Amino acid sequence: SRELFTGGRDGSVRCWREPEGGGVPRLRFTVDEHTDWVNDLALLTDGDLTSAVVSASSDRTIKLWRPEGETGTPSKCYT
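Summary of the structure given here.

**A few points about the sheet that holds strand β6 (residues 62–65)**
And then number 1: Read from one edge to the other, the open sheet built from four strands follows the order β4-β5-β6-β7, with strand pairing classed as antiparallel. Edge strands, defined here as strands with exactly one partner in the open sheet, are β4 (38–46) and β7 (77–78).
And then number 2: As judged from the eight bridges shared by β4 and strand β5 (residues 49–57), these two strands associate in the antiparallel manner. Bridge pairing in β5 places Asp-40 opposite Ala-56.

**Considering the environment of Gly-22**
And then number 1: Position of Gly-22 among the secondary structure elements: in the loop between β2 (12–17) and β3 (26–32).
And then number 2: Judged by its relative accessible area of 26%, Gly-22 falls in the partly exposed class.
And then number 3: Note: C-alpha distance between Gly-22 and Arg-2 (20 residues apart in sequence) is 9.3 Å.

Definitions and cut-offs
Residues numbered from 1 in each chain as written. Predicted model: local features only at pLDDT ≥ 70, side-chain atom pairs only at ≥ 80, totals over all residues. Heavy atoms only, no water. Pairing = 2+ DSSP bridges. Helix = DSSP H or I, 4+ residues; strand = E, 2+ residues; numbered from the N terminus. Buried < 20%, exposed > 50% of the residue type's maximum accessible area, 1.4 Å probe, protein only.

Structure (structure tokens):
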């Protein structure tokens with residue numbers, strides 16, 4: 001299955017997963033680490049897997065985090 005990451009005005013980063021065989025993407029997890037708009041996202045991949053996500057925000061921070069486990073929720077976020 002494929003994933004789509006989005007950044008929002010509410011400071012959150014969301015991961016969406018497309019079901020096998022297509023269809024409407026479903027929310028996999030949300031990360032609320034920023035206090036202002038998320039302006040940019042960069043994905044670091046290892047093959048088909050996302051190994052880390054970098055997010056930049058209008059709150060003047062850049063965050064690095066790694067999706068872990070089935071839920072993808074990061075265990076640590078680095079500023």
